[in-house]
Amino acid sequence: MSSYTAREGNVPDQVLIVTGGVGAGHDGAAAELRARLERDGLHVEVRDFLDAVPRSCRLVLRNGYTGSVRYAPALFERVFQGIERGTWVHGVVDWMCRVAQRRVGRWTEGFPVVVSTYPLASQTLGHLRRAGRLHATVVTYLTDPAVHRLWVHPDVDHHVTVTEATAAMGTREFGVPMRAVGGLVSPTFEQEQTAAQRIATRRAVGLPVERRVALLVAGSEGMGEVVPTVDAIVASGVADVLVLCGRNDRLRRQLSGRDRVVALGWRSDVAALMAASDVLVHNAGGLSLTEALTAGLPAVTFRPIPAHGRANADLLARAGLVPWPQDDAELSAAIVAQCEAGRQDRQVVLHHQDASQLVRSLLNRGEAESLLSSGEQVPDAVVAG
C-alpha cells in the first residue's frame, strides 16, 4: 500500500488523473471527477496517457481503435482476444506501457493520489508501483461494464467500478478486490424534467410529441452498424429514432432527411435529449450507457461493436441490467418492453459512495484506506475530516 495518507500545512490536497484520449468515455469520466474534486477545493491535474508514448504508438492507439472498429471489426476482435489470452499482442501493449513509464513517472511526482480512467495508464502505474518508483495511492476507475485484462493490475491499490455487477465480475475472474462507486457523469443526468420540458426538447429537434422515441448512440465517433439498426427500428414501426452521430458527419448526412429519423451531430444537451426519449439503444456500453443508467432511461444493446463492446453487452445482459436482442424482431420487442417498463431504478449507479468521496477519503484519513480495502462504508465523519 501507499505510504501517503494526508497532506500537511496549507498546501492544497493534490490529485493526478491520467486519462486516455481514445473515444470520449475515459475523458468524460476524468473531467467529471476533476469537477467534483475541484468543487471541494482540491488541486487536480489531468494528463492524457497518449502524450506519454511515441507518436507512432499514439497514432496506433487513437486511429487504430476507430479505424479497426469501423473498417476491420474482425481484426479488432482478434487483437482484443490476443490481449486477453496473453499472446504476443499483449506483449506489444505491455511494451508500450513500459515505454510510457518515464513520462508518467514524472507526472506523478508530488501527488499523493493518482487516479486512472484508462486501462493502459493503469498498467503503467502498476508497473511503476511494482518497481518501487511510485509511492502514491493508485486508483483505477473502470469505465467499462465488463472487466478485461488491461483494466487489472495487482499493484494498483483500488479498482473501482460503476456497478456491483462489474465489481463482482472483476473480483471473481481476476481475483482482485473491486467495489462499485457509481457513475462519473454530470449531475444534470440526475435532474428530473417536467412533461413540458420534454415536449419542448422534442419539438426543438423535430421529434413527434406523442410517439415513442428511441435514442440511438454509437459513441463519440458514430461507430458500428448504425444504419442497419436505424432501418430495423423504423421498419418495425415501434418508435421514431433520434440518432446521435457524434463527430461522424458522414453518418449524420447519410441519415438526415429519412422518414421518422432525426440525426444530430455532437451535442452538449444529451441529458435533455435522454429525458425526452423513451429508450436508449446503444452498441458499446460506455459513457452514454452510464448516463442513461444515471437518468433512469431504460436501455437496449444491439449489434454491439466487437471486443469490449460484445463483452460489455454480455455482462449487462447476464446481470439483468440491459437486454441484448439478437435479431431485428427481438430488437423491436425489447424496445416495446423497455418503454412499457418506464423509467428505471437509478440506484444501480447512484447509491454507492462516489469516486470523488473515495479520493477525498484517501487524502484525508489514513484509516479510510483500510476501510475501503475491507469493503466497509466510510463513515461520513471520516470523509468530512
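Please refer to the structure higher up on the page.
Basis of the calculations
- Residues numbered from 1 in each chain as written.
- Predicted model: local features only at pLDDT ≥ 70, side-chain atom pairs only at ≥ 80, totals over all residues.
- Heavy atoms only, no water.
- Pairing = 2+ DSSP bridges.
- Helix = DSSP H or I, 4+ residues; strand = E, 2+ residues; numbered from the N terminus.
- Axes fitted to C-alpha atoms, helices over the stretch in contact; angles between N-to-C directions.
- Contact = heavy atoms within 4.5 Å.
- 1 Å grid on protein atoms, 1.4 Å probe; cavity = no way out; pocket = protein on both sides within 12 Å on 5 of 7 lines; lining within 4 Å.
- Points joined across faces, edges and corners; volume = space filled by probe spheres on them.
- Nonpolar A, V, L, I, M, F, W, Y, C, P; charged D, E, K, R; others polar.
- Domains from an automatic or database assignment.

Visitor: I keep staring at the sheet that holds strand β5 (residues 158-161) and nothing clicks. Help me out?
Guide: Strand pairing in a sheet takes place through backbone hydrogen bonds and is either antiparallel or parallel in direction. Taken in spatial order, the six strands line up as β2-β1-β3-β4-β5-β6 in an open sheet, and their pairing is parallel. What marks the edges here is a single partner per strand, and that holds for β2 (43-48) and β6 (178-180). In this sheet, neighbouring strand axes are inclined to one another by 25° on average, regardless of whether the strands run parallel or antiparallel. Relative to β2, strand β1 (residues 14-19) runs parallel, the two sharing six bridges. Counterpart to Ile17 in the pairing with β2 is Val46. Running at roughly 170° to β1, helix α1 (residues 25-39) makes contact with β1, β2, β3 (113-116) and β4 (137-141) of the sheet.

Visitor: Before we go on, may I ask you to explain the sheet that holds strand β7 (residues 213-217) in this structure?
Guide: Here five strands make up an open sheet; going across it, the order is β9-β8-β7-β10-β11 and the pairing parallel. The sheet is open, and its two edges are formed by β9 (261-264) and β11 (299-301), each paired on a single side. Taken over all neighbouring pairs, the strand axes of this sheet differ in orientation by 20° on average, direction set aside. Across four bridges, strand β8 (residues 240-244) lies against β9 in parallel orientation. Across the sheet, Leu242 pairs through a bridge with Val262, a residue of β9.

Visitor: Got a minute to help me understand empty space enclosed by the protein in this structure?
Guide: Space left empty within the atom packing is revealed by a probe, the size of a water molecule, rolled over the atoms. According to the stated counting rule, one finds three cavities of 30 Å³ or more in the structure shown. A volume near 70 Å³ is recorded for the largest cavity. Looking at the largest cavity, the residues that line it are Thr143, Asp144, Pro145, Val162, Thr163, Thr166, Gly285, Leu289, Thr290, Leu293, Leu316 and Leu321. The dominant element in the lining of the largest cavity, judged by the number of residues it contributes, is helix α12 (residues 287-295), at three residues. Looking at side-chain class alone, the lining of the largest cavity contains six nonpolar, five polar and one charged residues. A domain split of the lining of the largest cavity shows at least three residues from each of domain 1 (14-185 + 351-365) and domain 2 (187-341). Estimates place the volume of the second largest cavity at around 50 Å³. Together, Leu216, Val217, Glu225, Val226, Thr229, Val281, His282, Asn283, Phe302 and Arg303 line the second largest cavity.

Keep in mind these numbers describe shape, not what the thing actually does.
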